[in-house]
Amino acid sequence: MERIGPPLAGGERETLRAYLDFHRATLAMKCEGLDDEELRRRSSPPSTLSLMGLVRHMAEVERHWFRRTMGGADVPHVWSDKGDFQEAYDATGADGAEAFAAWEAEVAHARRVEAGAESLDVTARVEKWDADVSLRVVMLHMIHEYARHNGHADLLREAIDGVVGA
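Below: a short report on this structure. (Residues numbered from 1 in each chain as written. Predicted model: local features only at pLDDT ≥ 70, side-chain atom pairs only at ≥ 80, totals over all residues. Heavy atoms only, no water.)

## Examining helix α5 (residues 135-161)
Helix length check: α5 (27 residues) gives 38 Å between terminal C-alpha atoms against 39 Å at 1.5 Å per residue, within 8%. One or two residues past the end of α5 sits Gly162, with phi positive at roughly 85°. (Helix = DSSP H or I, 4+ residues; strand = E, 2+ residues; numbered from the N terminus. Expected span 1.5 Å × (residues − 1).)

Written out as structure tokens, the structure is:
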């Protein structure tokens, strides 16, 4: 995943898309060059947080907001029979290739959903909130979600091999 800085001047949709892709690429960059054992290394037990867990969690989040919410698809979670987003964090015995393939597939699908939407004002129902949500809000939420977790990824990576920076 190529990491390109967002535009300094651009339209709203172009800017949101670019920031979301920048954060997606940042997560991929934080995982580059690590083997499965390193990707599964937990932050601080008993927490199950790991880089691979973050990749799996973000696959679930992408799936939820773009496939289920904006796309209206009735699809299950990838790593939870109970619909629990937190289960993806536990990467015990997980395979990196599988985690990244699932995440990349969900990112590709999310990009198609966003590109196919007429505007950022397109809405979808969020039953949990008993409200409609716009694509604009979904994209902003995703940027927030990645930014927060990329902070975790930065600390996790530094603990593995000392690599820092974004």
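## Observations concerning the pattern of salt bridges
Pairing between side chains of opposite charge can happen when their charged atoms approach one another. For the structure on display, the rule yields 17 salt bridges. Between Asp21 and Arg24 there is a salt bridge, with its nearest N and O atoms 2.8 Å apart. Of this pair, Asp21 and Arg24 both sit in helix α1 (residues 12-31), three residues apart, which is roughly one turn of that helix. When the shortest N-O distance is used, the salt bridge between Arg67 and Glu106 registers 2.8 Å. Taken together, the residues span a long stretch of sequence, with Arg67 in helix α3 (residues 51-70) and Glu106 in helix α4 (residues 96-116) at a distance of 39 residues. Grouping residues by exposure puts Arg67 and Glu106 together as buried. Salt bridges sharing partners connect three or more residues here, namely Asp21, Arg24, Glu62 and Arg111. (Salt bridge = Lys/Arg side-chain N within 4 Å of Asp/Glu carboxyl O. Buried < 20%, exposed > 50% of the residue type's maximum accessible area, 1.4 Å probe, protein only.)

## Focus: the layout of surface pockets
Taken as a whole, the largest pocket encloses approximately 290 Å³ of empty space. In this structure, the largest pocket is lined by 14 residues; those nearest its centre are His64, Trp65, Phe85, Lys128 and His141. For the lining of the largest pocket, the secondary-structure elements that each account for two or more residues are α3 and α5. Looking at the lining of the largest pocket residue by residue, the class counts come to six nonpolar, five polar and three charged. (1 Å grid on protein atoms, 1.4 Å probe; cavity = no way out; pocket = protein on both sides within 12 Å on 5 of 7 lines; lining within 4 Å. Points joined across faces, edges and corners; volume = space filled by probe spheres on them. Nonpolar A, V, L, I, M, F, W, Y, C, P; charged D, E, K, R; others polar.)

## With respect to empty space enclosed by the protein
Under the counting rule described, the total for this entry stands at one cavity of 30 Å³ or more. Size it by volume and the largest cavity reaches roughly 50 Å³. Residue lining of the largest cavity: Arg17, Leu20, Asp21, Arg24, Phe66, Ala110, Arg111, Glu114 and Met139, and that is the complete set. Among the secondary structure elements, those contributing two or more residues to the lining of the largest cavity are α1 and α4. Per-element accounting of the lining of the largest cavity gives the leading share, four residues, to α1.

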